[in-house]
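Residue-level structure breakdown
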Amino acid sequence: MNERDSEIMSQTLATHGYVESMDMETADLVILNTCSIRAKAEQKVMSLLGMLRKAKKRHRGMQICVAGCVAQQEGEKLLERMPHVDLIVGTQNIYRIGELLEYARKSPGYVAVDMEDDYAIPRFMPDALPSGLADDRKKIDTPIAFRKFVTIMQGCNNYCSYCVVPYTRGREVSRKVSDIVDEVKVLLDSGIREITLLGQNVNSYGKTNTVTETGLPCSFSDLLHHVAEIPGLARLRFTTSNPKDLSDELMKCFRDIPVLCPQFHLPVQAGSDAVLKRMNRKYSVEQYLQLVETLRSYCPDIALSTDIIVGFPGETDEDFQGTMDLLEKVRYHGSFSFKYSDRPGTRASDFEDKVPEEVKTRRLMQFQARQDEIGLERNREYLGQVKEILVEDVTSESVKGRSDTNHIVHVNEAISVLPGEFIRAEIYHAGQHSLNGKMVK
Ligand code: 5AD
Ligand code: SF4
């Protein structure tokens, strides 16, 4: 989500005449697009801002802008600690970045963090780069991407007890189907081959407001079918999904839509019913495992990944063992795992029985060590298989790209192919983080 927001700001600024710089210390404008999902991400912002204070002293004309979730949450408070910040832009105001920078130039310390419940997402963000700038951007935009994100909804209504997102990004609002389809068409026309539909919980797309001109409801699986039919689309993905809203209809899309890649991120967070309940996740371990089984029955090759939080308040050794057991049962292709981090304003931050730091660290290491082993075993299952690779990077002696399962594949051969094209490669080596293949005709 943040990556897409950065892209939106950079596109908008290009239309205002800004050109991307490679050097933060000498840039005329520095935007920190911030994340507050865990304390660590927030600390990083603060130390970067400290560094920028010095850079600004050396380079007087520099404008510093803080955008994203930290900006949204802290607002004016941030200025007390960081008075050298020129502009604070909340999550729903990034589309106005150009105009806001003008205000901030006249009155430094400008704050724009207002939030509306039924926030109207702009129709679409055309790639409106003035021609001269477009060329400049290409030089620094290497490798040129053939994958793009398209936001289909903003915000979240789920209030998982540990999570700041509903507070920093507001209520759930779905974009209109026609706007999404239009944006995808523009991207495909410009040469994009792969689209990832993006939202905090895409499975509840269309549930909270009317999203079609006709007023007819459109579920997320309906939307997938619509987008998949757009000519020129080679690969379709989506993220993120809350298991509580994962319908059978949606799971069947992995069987029925050829361009939908066999790859699925399905965050489970914990393998203990007691913990899941306190997290307010609204599903049980049993239900989750049932979903995994159904998914695999529709799409046997599906590569599954997940998010895990260890050391949630009150998590016992037995609860944590449940998470380890779940890992053995599902055998994820990959996972993102985090120590629970107290976020101000969330319900979990008031829970008792906080787990000591050293216990969280031990659990995280135990989880990650086993996940690494399983991930490697999973990667080895691809040995001998022929995979279709969307090429991202080409040098005189090698090609790098991605498989439909989203694995990075290196082909160490001189191949005459361009980024954005497909090759087929037989996998002969599986590493922890990537695969190696040799080209097949
Ligand atoms: N502490 C630790 N991890 C968190 N996540 C979200 N909030 C927290 C928190 N307070 C993790 C969840 C989520 C991922 C994006 O970040 O696993 O799925
Ligand atoms: Fe946060 Fe839960 Fe919403 Fe995901 S579904 S953004 S974890 S509140």
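About the thresholds
- Residues numbered from 1 in each chain as written.
- Chains lettered and ligands numbered in written order.
- Predicted model: local features only at pLDDT ≥ 70, side-chain atom pairs only at ≥ 80, totals over all residues.
- Heavy atoms only, no water.
- Near = heavy atom within 4 Å.
- Nonpolar A, V, L, I, M, F, W, Y, C, P; charged D, E, K, R; others polar.
- Buried < 20%, exposed > 50% of the residue type's maximum accessible area, 1.4 Å probe, protein only.
- Helix = DSSP H or I, 4+ residues; strand = E, 2+ residues; numbered from the N terminus.
- Pairing = 2+ DSSP bridges.
- Right-handed = clockwise from strand over helix to strand, strands pointing away.
- Polar contact = N/O pair within 3.5 Å; in protein donor to acceptor, adjacent residues only side chain to side chain.
- Areas by Shrake-Rupley, 256 points an atom, 1.4 Å probe, with all protein chains shown as cover.
- Axes fitted to C-alpha atoms, helices over the stretch in contact; angles between N-to-C directions.
- Contact = heavy atoms within 4.5 Å.
- Expected span 1.5 Å × (residues − 1).
- pLDDT = per-residue confidence, 0-100.

1. A short note on the site of ligand 2
- In the vicinity of ligand 2, the residues found are C156, N158, Y159, C160, Y162, C163, V165, P166, Q200, N242 and R281.
- Of the residues contributing to the shell around ligand 2, the split by class is seven nonpolar, three polar and one charged.

2. A word on the pairing of strand β1 (residues 29-34)
- Most of β1 is tucked away: five of the six residues are buried.
- Strand direction decides the pairing type here: β1 and strand β2 (residues 63-68), joined by six bridges, are parallel. For I31, the partnering residue across the bridge sits in β2 and is C65.
- Considered for its hand, the β-α-β crossover made up of β1, helix α2 (residues 39-58) and β2 is right-handed.

3. What to know about the site of ligand 1
- What surrounds ligand 1 is the set I37, R38, Y162, Q269, D307, I309, F338, K339, Y340, S341 and R343.
- Within the contact set of ligand 1, an oxygen atom lies 2.6 Å away from a side-chain nitrogen or oxygen of D307.
- Contacts to ligand 1 include S341, whose backbone N or O atom sits 2.8 Å from a nitrogen atom.
- In isolation ligand 1 exposes 400 Å². Once the protein is present, 87% of that is buried.
- Looking at the shell around ligand 1, the elements that each hand over two or more residues are β11 (303-310) and β12 (334-339).
- By residue class, the composition of the shell around ligand 1 is five nonpolar, two polar and four charged.

4. Some words on the sheet that holds strand β3 (residues 87-89)
- Judged by pairing direction, the sheet is parallel, and its four strands sit side by side in the order β1-β2-β3-β4 without closing on themselves. If you trace the sheet from one side to the other, it starts and ends with β1 and β4 (110-112), each paired once. Direction aside, the axes of adjacent strands within the sheet are offset by 10 degrees on average.
- The strands that α2 touches are β1 and β2; relative to β1, the one it contacts most, it runs at about 175 degrees.

5. Remarks on helix α8 (residues 177-189)
- An ideal rise of 1.5 Å per residue puts 18 Å on 13 residues; α8 measures up with 18 Å between its terminal C-alpha atoms.
- Looking at α8, one finds that the buried residues are V177, D179, I180, V181, E183, V184, L187 and L188.
- Against α1 (2-15), β5 (147-151), β8 (194-198) and α9 (220-228) lie the buried residues of α8.
- Looking one or two places after α8, you find G191, whose phi comes out positive at around 105 degrees.

6. Structural notes on the confidence of the model for the protein chain
- Summary statistics for the protein chain give a mean pLDDT of 91 and a share of 92% for residues scoring 70 or more.
- Every residue in residues 126-143 scores below 50 in pLDDT, and together they form 23 contacts with partners more than four places removed in sequence or on other chains.

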